[in-house]
Amino acid sequence: QVRLVESGGGLVQAGGSLRLSCEASANILSFALMGWHRQAPGKQRESVAVMTSASTTNYADSVKGRFTVSRDIAKNTVYLQMSSLKPEDTAVYYCRMARGSFEVWGQGTLVTVSS
């Protein structure tokens with residue numbers, strides 16, 4: 001059973017930075033897609049940043065130029081570097097990895113951006 005463990009969330013002031021980590025219990029190269037989603041209070045979960053196994057990336061318009069997804073294959077870890085954070089970035093951030101019809105989610109990590 002594949003597990004994803006996220007870390008790095010917390011409280012930060014607007015304009016600050018945070019780096020989220022997602023460590024997988026399996027080889028991340030076995031996944032076609034890996035990335036981050038978020039869910040703000042009262043809102044639907046949305047995709048934030050996605051990376052393919054070929055390292056192609058895609059970002060939500062709201063985070064382009066501020067967030068960067070990356071990976072460390074040796075550590076089976078995917079990262080989300082978040083900069084110039086805004087109060088509207090406040091949400092629970094979830095790591096997700098998928099291949100075909102199989103997907104696995106992390107437990108989520110809370111990011112709170114104060115104004």
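Computed from a predicted structure; not experimentally measured.

Q: Describe the nonpolar core, and please don't skip the residues or the numbers.
A: Considering soluble globular proteins, one finds that nonpolar side chains tend to be buried as a cluster. Residues Trp36, Phe67, Val69, Leu80, Met82, Tyr93 and Met97 are the most contacted members of the largest nonpolar core, which totals 32 residues. Among the elements of the structure, β3 (18-24), β4 (33-39), β5 (46-52), β7 (67-72), β8 (77-82), β9 (91-99) and β11 (109-114) are those that each provide at least two residues to this core. Once residues lying within four places of it in the same chain are set aside, the contact partners of Phe67 are Arg38, Val48, Tyr59, Leu80, Gln81, Met82, Ser83, Leu85, Asp89 and Tyr93.

Q: Tell me what's going on with the environment of Val111, and back it up with residues and numbers.
A: Tracing the backbone through its elements, the reader meets Val111 in strand β11. On the accessibility criterion, Val111 (0% relative accessible area) is buried. C-alpha of Val111 to C-alpha of Phe31: the two residues are 80 residues apart in sequence and 26 Å apart in space. Those residues in contact with Val111 that sit more than four places away from it in its chain are Gly9, Gly10, Leu18, Leu20, Met82, Asp89, Thr90, Ala91 and Tyr93.

Q: Outline the sheet that holds β8, listing residues and values.
A: Pairing is antiparallel in the open sheet, where four strands are placed in the order β1-β3-β8-β7. Here the strands that pair on one side only, and so sit at the sheet edges, are β1 (4-7) and β7. Pairs of neighbouring strands in the sheet enclose a mean axial angle of 15°, with direction left out of account. Pairing of β3 with β8, which is carried by six bridges, proceeds in the antiparallel orientation. Across the sheet, the residue bridging to Cys22 is Val78, located in β8.

Q: Tell me about the packing of aromatic side chains, and please be specific about residues and values.
A: Per the counting criterion, the structure on display carries two aromatic pairs. Seen from their ring centres, Phe31 and Phe102 are 6.4 Å apart, and the 20° between their planes marks the pair as stacked. In this pair, Phe31 is assigned in the loop between β3 and β4 and Phe102 in strand β10 (residues 102-105), connecting sequence segments 71 residues apart. On the basis of relative accessibility, which here comes to 1%, the residue Phe31 falls in the buried class. On the basis of relative accessibility, which here comes to 35%, the residue Phe102 falls in the partly exposed class. Seen in terms of ring centroids, Tyr94 and Trp105 are 6.4 Å apart; in terms of plane orientation they differ by 80°. Their pairing is edge-to-face. Of this pair, Tyr94 sits in strand β9 while Trp105 is found in strand β10, placing the two residues eleven residues apart along the sequence. Residue classification places Tyr94 among the buried residues on the basis of a relative accessible area of 14%.

Cut-offs applied
- Residues numbered from 1 in each chain as written.
- Predicted model: local features only at pLDDT ≥ 70, side-chain atom pairs only at ≥ 80, totals over all residues.
- Heavy atoms only, no water.
- Core = buried A, V, L, I, M, F, W, Y, C linked by side-chain atoms within 4.5 Å.
- Buried < 20%, exposed > 50% of the residue type's maximum accessible area, 1.4 Å probe, protein only.
- Helix = DSSP H or I, 4+ residues; strand = E, 2+ residues; numbered from the N terminus.
- Contact = heavy atoms within 4.5 Å.
- Pairing = 2+ DSSP bridges.
- Axes fitted to C-alpha atoms, helices over the stretch in contact; angles between N-to-C directions.
- Phe/Tyr/Trp six-rings, centres within 6.5 Å; stacked < 30°, edge-to-face > 60°.

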